[in-house]
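# Observations on chain architecture
The primary structure of each chain is shown beneath.
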Amino acid sequence: MTDGISEESADVVGVLTERIEARFDMGMDQLKAAVAAAPTANPDATDVVKWHGLLVEAQSVLERAEDDLLAALQPRPSEVDDPTMGLAHRVNAAVTVRDGRAMVVRWLLDPDAPGKKDLAAQRLARLRPRSGPAVQTIAPNRPAGTPAPASTWRPARSAR
């Protein structure tokens, strides 16, 4: 990637935190305090702080999911049962959420990002503030081995 974050970067949060601190010329704690004191003073800072918090939360969820998966694999590393496979899927989902939030933070930090300077972006800026993601982005935690709830969706029956 050209933005300095490699695909295999283990510390996505750290790299983006450094970029935020450089962009706003203050530490993350100072920036959070400034945004808390005056949330409407700098909408860009407010958005970055909000999404950085969501990114940190997603990283924490990912680390817990990885720890759970490692614990499940410890006794029998060559056997992968359904509950362990469920944990692996949970790790994959957590990576997807974390990476999506990292992309939002990178977009927020890039003043030349697509969609930031056109007429539509100006119109969207007038609609601020946003309350957060439109949909839930973190799957609810279920104990290992607990099946997912049955879907209420049913395929349409074919007419014969």
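Within every chain, residues take consecutive numbers counted from 1 along the sequence as written. Reporting in this predicted model follows two pLDDT cut-offs: at least 70 for local features of residues, and 80 or more for side-chain atom pairs to be given and counted; totals over whole chains, interfaces and linings ignore these cut-offs and use all residues. Heavy atoms throughout the structure, all of them, feed into the side-chain values; hydrogens and water do not.

## Comments concerning the overall build of the chain
Within the chain, the regular secondary structure consists of 5 helices and 0 strands. Numbering of helices and strands runs from the N terminus; a helix is a DSSP stretch of H or I covering at least four residues, while a strand is a stretch of E covering at least two. Tracing the chain from N to C terminus, the helices and strands come up as α-α-α-α-α. Across the 160 residues of the chain, 26% fall into the buried class. Residues are treated as being in contact if the distance between any of their heavy atoms lies within 4.5 Å. For the chain, contacts bridging at least 24 residues in sequence account for 61% of all contacts bridging at least 6. Reported accessibility uses the Shrake-Rupley method at a 1.4 Å probe radius. Residues are deemed covered only where the shown protein chains occlude them. If you sum the accessible surface of the chain, you get close to 11,200 Å²; carbon and sulfur atoms cover 57% of it. Buried means the residue's accessible area, taken with a 1.4 Å probe over protein chains only, is under 20% of the maximum for its type, while exposed means over 50%, and partly exposed covers the values in between.

## Let's talk about the nonpolar core
In this structure, Ile 20, Phe 24, Leu 31 and Val 105 are the most contacted members of the largest nonpolar core, which totals 18 residues. With 6 residues, helix α3 (residues 43-73) is the largest single contributor of residues to this core. In contact with Leu 31, not counting residues within four places along its chain, are Ile 20, Phe 24, Met 26, Ala 45 and Val 49. Formed by 7 residues, the second largest nonpolar core is a distinct cluster that contains Val 61, Leu 62, Leu 87 and Ala 94. Remark: nonpolar core denotes a set of buried residues (Ala, Val, Leu, Ile, Met, Phe, Trp, Tyr, Cys) joined through side-chain atoms within 4.5 Å.

## Concerning helix α1 (residues 12-24)
By this rule, a helix spans an expected 1.5 Å times one less than how many residues it contains. The terminal C-alpha atoms of α1 lie 18 Å apart, and with 13 residues this matches the ideal 18 Å at 1.5 Å per residue to within 8%. If you follow the buried residues of α1, they end up packed against α2 (28-37), α3 and α4 (82-109). Once α1 finishes, Asp 25 follows within two positions and takes phi at roughly 55°, a positive value.

## As for the packing of α1 against α3
Simply put, an axis is a line fit to the C-alpha atoms, just over the touching stretch for a helix, and the angle between two N-to-C directions goes from 0 to 180 degrees. Between α1 and α3, the least distance of the axes is 11 Å, while the angle of their chain directions is 165°. The angle between α1 and α3 places the two elements in the roughly antiparallel class. In the packing of α1 onto α3, the handedness of the crossing is left-handed. Together, Val 13, Leu 16, Thr 17, Ile 20, Arg 23 and Phe 24 of α1 and Asp 44, Ala 45, Val 48, His 52, Leu 55, Val 56 and Gln 59 of α3 make up the contact between the two elements. Any angle that falls under 35 degrees is termed roughly parallel, while one over 145 is termed roughly antiparallel, one within 65 to 115 roughly perpendicular, and all others oblique. By convention the crossing between two helices is left-handed if the near helix lies anticlockwise of the far one by an angle smaller than a right angle, and right-handed if it lies clockwise.

## Quick look at the packing of α1 against α4
Across the interface, α1 lies against α4 with an axial gap of 11 Å and an inter-helix angle of 15°. With respect to α4, the element α1 is oriented roughly parallel. Here α1 runs over α4; the crossing is left-handed. On α4, the residues that touch Val 12, Leu 16, Arg 19, Ile 20, Arg 23 and Phe 24 of α1 are Arg 98, Ala 102, Val 105, Arg 106, Leu 108 and Leu 109. Three categories are distinguished: nonpolar for Ala, Val, Leu, Ile, Met, Phe, Trp, Tyr, Cys and Pro, charged for Asp, Glu, Lys and Arg, and polar for the others, with Gly belonging to the last. Classifying every residue of the contact of α1 with α4 gives 8 nonpolar, no polar and 4 charged.

## Notes on the pattern of salt bridges
We define a salt bridge as a side-chain nitrogen of Lys or Arg found within 4 Å of a carboxyl oxygen belonging to Asp or Glu. Going through the model one piece at a time under the given rule, you end up with 3 salt bridges. Arg 90 serves as the salt-bridge partner of Asp 68, at 2.6 Å between the closest nitrogen and oxygen. Within this pair, whereas Asp 68 is found in helix α3, its partner Arg 90 is found in helix α4, the two being separated by 22 residues in sequence. Note on Asp 68: relative accessible area 34%, which makes it partly exposed.

## Quick word on the environment of Leu 70
Note on placement: Leu 70 falls in helix α3. Distance in space between the C-alpha atoms of Leu 70 and Ala 88 is 9.5 Å, their sequence separation being 18 residues.

## Side note on α4
Structurally, the α-helix is built with 3.6 residues per turn, so residues lying three or four positions apart point the same way. Taking 1.5 Å per residue, 28 residues should reach 40 Å; α4 reaches 41 Å between its end C-alpha atoms and fits that length. Within the sequence span of α4, burial applies to Thr 84, Leu 87, Val 91, Ala 94, Val 97, Arg 98, Arg 101, Ala 102, Val 105, Arg 106, Leu 108 and Leu 109.

## Focus on unusual backbone geometry
Phi is positive for Asp 25, close to 55°, though the residue is something other than glycine. Relative to the helices and strands, Asp 25 is located in the loop between α1 and α2. With a relative accessible area of 68%, Asp 25 lands in the exposed category.

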